[in-house]
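Report on the structure
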Amino acid sequence: HKAAALRQSHNQNFLLSILEVMGPAALVIVWWATPVCRVPEAILWPVGPLLTFPNHELGFIGIIPWVFMCQRSSELILGAVKSLIALGNTLTAPPKSVALKDAVKKIQ
């Protein structure tokens, strides 16, 4: 049973890895020549020229910087959510010392 579960987990991880690469690659292919959005140039200063990659006017954001920003921000959001969940779990569980004292009292 463990071997089958491990194989299934490995297959799922492999599929997710492929999607993680192919999804952004497909977006770059489709949107290469088209700017994703327009933002006032003053907001983008001093990184405006980097965000216009591959060949757009200042104020327009290209697909490659857009995909990069989306990936990074989703990782940050996911990390924050995981931290909040972990914090919530530690707040609801009684401290080990309290649980140990309760167990000792029950035995006595």
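This report concerns the structure included in the present document. (Residues numbered from 1 in each chain as written. Predicted model: local features only at pLDDT ≥ 70, side-chain atom pairs only at ≥ 80, totals over all residues. Heavy atoms only, no water.)

**Topic: the environment of I61**
Defined as follows: Helix and strand assignments follow DSSP, with helices taken as H or I runs no shorter than four residues and strands as E runs no shorter than two, numbered in order from the N terminus. In this analysis, two residues are considered to be in contact whenever any of their non-hydrogen atoms come within 4.5 Å of each other.
Along the chain, the position of I61 falls in strand β2 (residues 60-61). When neighbours within four sequence positions are excluded, I61 is seen to be in contact with P35, V36, C37, V39, L44, L51, W66 and M69.

**Describing unusual backbone geometry**
With omega at 10°, the peptide bond leading from W45 into P46 counts as cis. Relative to the elements of secondary structure, P46 occurs in the loop between α2 (41-44) and α3 (48-51).

**A word on the pattern of salt bridges**
Note the cut-off: The salt bridge criterion pairs a side-chain nitrogen of Lys or Arg with a carboxyl oxygen of Asp or Glu, the two atoms within 4 Å. The cut-offs for exposure are 20% and 50% of the maximum accessible area for each residue type, with area from a 1.4 Å probe on protein chains only; residues under the lower value are buried, those over the upper are exposed, and the others partly exposed.
This structure, assessed with the given rule, holds 1 salt bridge. A salt bridge links E75 to R72, with the nearest nitrogen and oxygen atoms 3.1 Å apart. In this pair, E75 and R72 are both assigned in helix α4 (residues 63-92), 3 residues apart and thus about one turn of the helix distant. Judged by relative accessible area, E75 falls into the partly exposed class, the value being 47%. Classification of R72 by relative accessible area gives partly exposed; the value is 34%.

**Overview of the side chain of H56**
Its location among the elements puts H56 in the loop between α3 and β2. Judged by its relative accessible area of 15%, H56 falls in the buried class. Those residues in contact with H56 that sit more than four places away from it in its chain are W32, A33, T34, P35 and G62.

**Focus on the layout of surface pockets**
The test is simple: Cavities and pockets are found on a 1 Å grid laid over the protein atoms alone: a cavity is a set of points where a 1.4 Å probe fits but cannot escape, a pocket is an open set with protein on both sides within 12 Å along at least five of seven lines, and a lining residue has an atom within 4 Å of such a point. Grid points are joined across faces, edges and corners, and a volume is the space filled by probe spheres set on the points.
Counted as a void, the largest pocket has a volume near 160 Å³. Lining the largest pocket, in full, are E20, P24, Q71, R72, S74, E75 and L78. Broken down by secondary-structure element, the contributors of at least two residues to the lining of the largest pocket are α1 (2-31) and α4.

**Quick word on the packing of aromatic side chains**
To keep things clear, this is the line we draw: When the centres of two rings from Phe, Tyr and Trp lie within 6.5 Å, Trp using its six-membered ring, the rings pair. Their planes under 30 degrees apart give stacked, over 60 give edge-to-face, and anything left gives tilted. Whether a charge lies above a ring is judged from NZ of Lys or CZ of Arg, which has to be within 6 Å of the ring centre and within 35 degrees of the ring normal.
Counted according to the given criterion, the structure contains 1 aromatic pair. Both rings, one in W32 and one in F53, keep their centres 6.0 Å apart while their planes meet at 85°; by these two values the pair is edge-to-face. Taken together, the residues span a long stretch of sequence, with W32 in the loop between α1 and β1 (37-38) and F53 in the loop between α3 and β2 at a distance of 21 residues. Just above the ring of F60 sits the side chain of R38; from NZ or CZ to the centre is 4.8 Å.

**Structural notes on the side chain of T52**
Looking at where T52 falls in the secondary structure, it is placed in the loop between α3 and β2. The class for T52 is buried, based on a relative accessible area of 9%. Discounting residues that sit within four places of it in the chain, T52 has contacts with E57, L58, G59, F60 and G62.

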